[in-house]
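Commentary on secondary and tertiary structure
What follows is the residue order along each chain.
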Amino acid sequence: MDMIIDFPGGLRVDAHYRGHDFQTDQPPVDSAPMPFELFLASIGTCAGIYVLGFCRQRNLPTEGIRIVQRNHPNMQGMIEKIDLDIQVPPTFPAQYYEALVRSAELCKVKKTLEHPPVFDVKTVVTETV
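This structure is a prediction, so every number in the text was calculated from the model and none was measured.

1. Here's the deal with the state of the cysteines
- Enumeration according to the criterion identifies zero disulfides in this entry.
- No disulfide involves C55; its sulfur sits 15 Å from that of C46, the nearest cysteine.

Rendered as structure tokens:
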């Protein structure tokens, strides 16, 4: 399925995929997240989906669980390390701590970054839509 990217005005660049609209913007207007912020958020939220799934399969409560993502950039501003801390309340069963980590590591975004895709960027002339 194709993802359509368009330019609605100003510094906005939006993506449309599976009936969802993803708005991005750049400062100074800053009406939506920057594209790189969405990329970073996809890492933590993807890990969160796997942690949530793990808990739901075992009827474990998710209240009080959160993931804190720390992005460590290098001198050029590129991210060279990402920490994901799965914070659980004191009542969460300790026997599942490592399993939560293994669940988060199944994240498809993380796995894609570990084995990056090949990019083929080109200009294609089309009729106006």
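Now, onward.
2. Details of the environment of D25
- Considering the arrangement of structural elements, one finds D25 in the loop between β3 (20–24) and α1 (35–57).
- A relative accessible area of 2% means that D25 is categorised as buried.
- Counting along the chain gives 79 residues from D25 to A104, while the straight-line C-alpha distance between them is 29 Å.
- Engagement of the side chain of D25 in a polar contact is seen with the backbone nitrogen of D30, the distance being 3.5 Å.
- One polar contact links D25 to S31, side chain to side chain, over a distance of 2.7 Å.

3. Things to note about the environment of E63
- You can see E63 is positioned in the loop between α1 and β4 (66–73).
- In this structure, the C-alpha to C-alpha distance between E63 and P89, residues 26 residues apart in sequence, is 8.1 Å.

4. Here we look at the packing of α1 against helix α2 (residues 97–104)
- Where α1 contacts α2, the two axes come as close as 8 Å, and the packing angle between them is 135°. The pairing of α1 with α2 is recorded here as oblique in orientation. When the axes of α1 and α2 are compared, the crossing they make is right-handed. Across the interface between the two elements, A47, Y50, V51, F54 and C55 of α1 pack against A99, L100, S103 and A104 of α2.

5. Some words on α1
- With 23 residues, α1 should reach 33 Å at 1.5 Å per residue; the first-to-last C-alpha distance of 33 Å fits that figure.
- Here α1 has its buried residues at L40, I43, G44, C46, A47, V51, F54 and C55.
- Looking at the buried residues of α1, the elements they touch are β4, β5 (79–87), α2 and α3 (108–114).
- One or two positions beyond α1, positive phi appears at N59, with a value near 55°.

6. Regarding the packing of aromatic side chains
- As enumerated under the stated definition, the model contains three aromatic pairs in all.
- Both rings, one in F54 and one in Y96, keep their centres 5.8 Å apart while their planes meet at 70°; by these two values the pair is edge-to-face. Of this pair, F54 sits in helix α1 while Y96 is found in the loop between β5 and α2, placing the two residues 42 residues apart along the sequence.
- Classification of F54 by relative accessible area gives buried; the value is 6%.
- An angle of 65° between the planes, with centres 6.5 Å apart, marks the rings of F92 and Y96 as edge-to-face.
- Relative accessible area serves as the criterion here: at 4%, F92 is assigned to the buried category.
- Connected via pairs of aromatic rings, a cluster forms that spans F54, F92 and Y96.

7. Some details on unusual backbone geometry
- In this model, P27 is joined to P28 through a cis peptide bond whose omega is 20°.
- Its place among the elements puts P28 in the loop between β3 and α1.
- The phi angle at D30 is positive, at roughly 60°, despite the residue not being glycine.
- Position of D30 relative to the elements: it lies in the loop between β3 and α1.
- Of the residues examined, D30 reaches a relative accessible area of 46% and is grouped as partly exposed.

Cut-offs applied
Residues numbered from 1 in each chain as written. Predicted model: local features only at pLDDT ≥ 70, side-chain atom pairs only at ≥ 80, totals over all residues. Heavy atoms only, no water. Disulfide = S-S within 2.5 Å. Helix = DSSP H or I, 4+ residues; strand = E, 2+ residues; numbered from the N terminus. Buried < 20%, exposed > 50% of the residue type's maximum accessible area, 1.4 Å probe, protein only. Polar contact = N/O pair within 3.5 Å; in protein donor to acceptor, adjacent residues only side chain to side chain. Axes fitted to C-alpha atoms, helices over the stretch in contact; angles between N-to-C directions. Parallel < 35°, antiparallel > 145°, perpendicular 65-115°, else oblique. Left-handed = near helix turned anticlockwise from the far one by under 90°. Contact = heavy atoms within 4.5 Å. Expected span 1.5 Å × (residues − 1). Phe/Tyr/Trp six-rings, centres within 6.5 Å; stacked < 30°, edge-to-face > 60°.

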